[in-house]
Amino acid sequence: MKWEEYLVPTSLEEALAMLEERQGQARVIAGGTDLVIQLKKKEVTARCLVDVTHLDELKGIELEDGFIRIGACVTHQELASSILIQERAAALAEGASQVGSPQIRNMGTVGGNIVNAQPAADTVVPLMALEAEVEVATAKGTRRDPLGGLCLGPGQCTVDSTIEILTAIRFRALGPNQGSAFERLAKRKALALPILNAAAVITLNDGGDTFQDVRLAVGPIGPTPSRAFDAEQALRGAAVETQAISAAMRLAAQEAQPRSNPLRGSQEYRQEMVKVLLRRSLERALQAARGS
Amino acid sequence: MEKMTTQTLTMKLNGEEVTVQVKPSALLVEVLRDELELTGTKVACGEGECGACTVLLDGVPVNSCLVPALKAQGREVMTVEGLAPLGELHPLQKAFVEHGAVQCGYCTPGMLMSAKALLDDNPNPTEDEIRLAISGNLCRCTGYAKIVEAILATSAG
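Being a predicted model, the structure only gives us computed values, none of them experimental.

### Looking at the interface of chain B and chain A
Every contact between the two is made by 24 residues of chain B and, on the other side, 23 residues of chain A. It is strand β4 (residues 60-63) of chain B that contributes the most residues to the side of chain B that touches chain A, four residues altogether. Residues that form the side of chain B that touches chain A fall into these classes: ten nonpolar, eleven polar and three charged.

### Quick look at helix α11 (residues 267-289) of chain A
Its 23 residues give α11(A) an end-to-end C-alpha distance of 32 Å, which sits within 8% of 33 Å, the value for a rise of 1.5 Å per residue. G291(A) sits one or two positions beyond α11(A) and adopts a positive phi of about 70°.

### A closer look at the sheet that holds strand β7 (residues 141-146) of chain A
All names here are of chain A. Sheet architecture is open: five strands sit in the order β4-β5-β10-β6-β7, paired in antiparallel fashion. Whereas interior strands pair on both sides, the edge strands pair on one side only; in this sheet they are β4 (61-64) and β7. When the angles between neighbouring strand axes are averaged without regard to direction, this sheet yields 25°. Of the pairings in the sheet, the one linking β4 to strand β5 (residues 67-71) comprises four bridges and is antiparallel in character. Across the sheet, residue L63 finds its bridge partner in β5, namely I68.

### A closer look at helix α2 (residues 91-98) of chain B
Residues spaced three or four apart along an α-helix point in a common direction, a consequence of the helix completing one turn every 3.6 residues. All names here are of chain B. Residues of α2 that are buried include every one of L92, Q93, A95 and F96, and no others. Along the axis of α2, the buried positions cluster into a sector of 160°, meaning they face one direction only. Within two residues after α2, G100 carries a phi angle of roughly 65°, on the positive side.

### Some words on the sheet that holds strand β14 (residues 226-227) of chain A
All names here are of chain A. With respect to topology, four strands assemble into an open sheet ordered β11-β12-β13-β14, the strand pairing being antiparallel. Each of the sheet's edge strands pairs with one partner strand only, and the pair in question is β11 (178-186) and β14. As paired elements, β11 and strand β12 (residues 194-204) share nine bridges and run antiparallel to each other. From the neighbouring strand, A186 faces β12, where its bridge partner is P194. Here α11 sits on the sheet and contacts β11, β12 and β13 (211-219); the angle it forms with β12, its principal contact strand, is near 35°.

### Brief notes about the nonpolar core
Residue and element names in this part refer to chain A. Core analysis: the biggest nonpolar cluster contains 145 residues, and V218 and L278 have the highest contact counts within it. Sort the elements by how many residues they give to this core and α11 lands first, with nine residues. Dropping the residues within four chain positions of it, L278 is found in contact with A198, A200, L216, V218, A228, M249 and A252.

### Looking at the packing of helix α10 (residues 242-255) of chain A against α11(A)
Residues and elements named next belong to chain A. Running from N to C, α10 and α11 point in directions that differ by 135°, and their axes come no closer than 8 Å. The angle between α10 and α11 places the two elements in the oblique class. Where α10 crosses over α11, the two elements pack in a sense that is right-handed. Across the interface between the two elements, I245, M249, R250, A252 and A253 from α10 touch Q271, E272, V274, K275, L278, R279 and L282 from α11.

Calculation criteria
- Residues numbered from 1 in each chain as written.
- Chains lettered and ligands numbered in written order.
- Predicted model: local features only at pLDDT ≥ 70, side-chain atom pairs only at ≥ 80, totals over all residues.
- Contact = placed C-beta atoms within 7 Å.
- Helix = DSSP H or I, 4+ residues; strand = E, 2+ residues; numbered from the N terminus.
- Nonpolar A, V, L, I, M, F, W, Y, C, P; charged D, E, K, R; others polar.
- Expected span 1.5 Å × (residues − 1).
- Pairing = 2+ DSSP bridges.
- Axes fitted to C-alpha atoms, helices over the stretch in contact; angles between N-to-C directions.
- Buried ≥ 20, exposed ≤ 12 C-beta atoms within 10 Å, placed from the backbone.
- Arc of directions from axis to C-beta.
- Core = buried A, V, L, I, M, F, W, Y, C linked by C-beta atoms within 7 Å.
- Parallel < 35°, antiparallel > 145°, perpendicular 65-115°, else oblique.
- Left-handed = near helix turned anticlockwise from the far one by under 90°.

Following this line, the structure appears as structure tokens:
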């Protein structure tokens with residue numbers, strides 16, 4: 001775990017230059033709550049750490065032209081307590097409020113949660129349902145990628161932290177007739193990895209009786225956070241009725257292929273719980289969309 | 001082994017400016033305990049699971065076993081030693097003693113720092129808010145009830 005240099009750049013250009021000069025030997029560090037553990041266990045090695053938490057481009061939560069832009073170094077605590085996030089992307093505030101512990105939430109960042117690429121990351125699952133995209137700064141310029149394609153498998157992210165920097169997350173803020181919610185199942189209420197988590201983002205028609213759009217995300221039921229596309233499609237255009245919701249939840253459970261895991265429970269149990277968690281998040285998203 | 005260069009760390013520690021030479025790979029808890037001999041802060045799991053190493057960084061609780069020391073550059077750090085002048089007890093410490101909230105004592109410094117951060121931010125918390133504030137601090141002795149009582153008693157007073 002012994003990195004020999006700890007650098008604190010003050011501009012994005014400087015940070016990218018530091019990474020480039022070290023040709024793969026340096027790595028970006030944000031809050032460090034995952035990376036330091038990985039370095040201690042030698043799961044990751046780096047000769048140099050480049051601390052990006054002082055870069056202005058990676059800070060702040062803003063509403064711009066109907067989109068919310070979140071700096072990659074915004075902490076879970078900042079997300080959970082942001083009025084803008086609570087009002088316009090509640091599922092994300094709820095997800096962030098359940099990461100780790102207060103101490104972890106004070107240091108850990110949303111960008112770090114994404115790059116760490118775990119299939120049940122508590123901010124990534126709601127961000128998937130919000131159809132977020134990310135901004136990545138590279139020596140060649142900035143690129144925008146849909147969040148959905150970023151995680152390739154546990155711990156594997158398309159953003160290469162030895163030469164690139166995830167700078168921000170962006171998604172459309174929820175408005176009238178829209179609502180979102182996040183649900184989580186774990187062995188304890190705090191400091192426990194999720195057995196399952198789920199998020200729902202819904203749009204109702206003006207009458208409030210039909211699903212105009214539904215986006216459902218769930219993890220960990222595979223190597224990456226997943227969308228429940230079959231269930232989404234079944235609900236799109238459907239009347240807001242128990243029967244339609246139940247049928248969609250059955251589709252979600254079929255689509256989800258959780259594995260038995262000594263830490264997370266049996267496949268059968270988790271498959272049943274996919275229905276329960278998605279239904280709970282859908283029902284709360286529905287209440288939010290109806291303004292109640 | 002090749003000798004590692006050091007970097008200069010200046011921080012405000014328990015109200016006083018401190019400058020220390022640290023290895024780039026030093027963690028905050030190592031600098032506090034091994035360099036500055038403030039051994040009130042404990043290390044147990046080393047993975048951010050137990051909260052024994054909790055200190056305040058700019059007023060908020062963090063796991064000092066996961067914080068590279070150089071992250072504290074130019075910032076304020078408070079450890080359990082900073083709660084009260086030598087020989088005196090902070091009201092939270094008194095309440096912990098009076099309510100039997102200390103058994104083996106290993107979690108206590110971290111518990112106190114999480115409680116201190118809570119009361120600084122919210123002087124009259126509910127029991128639920130207290131439980132949330134100490135949810136990152138494990139105690140295997142007390143069952144938490146006495147700790148919650150002690151914090152509640154301090155906030156009411």
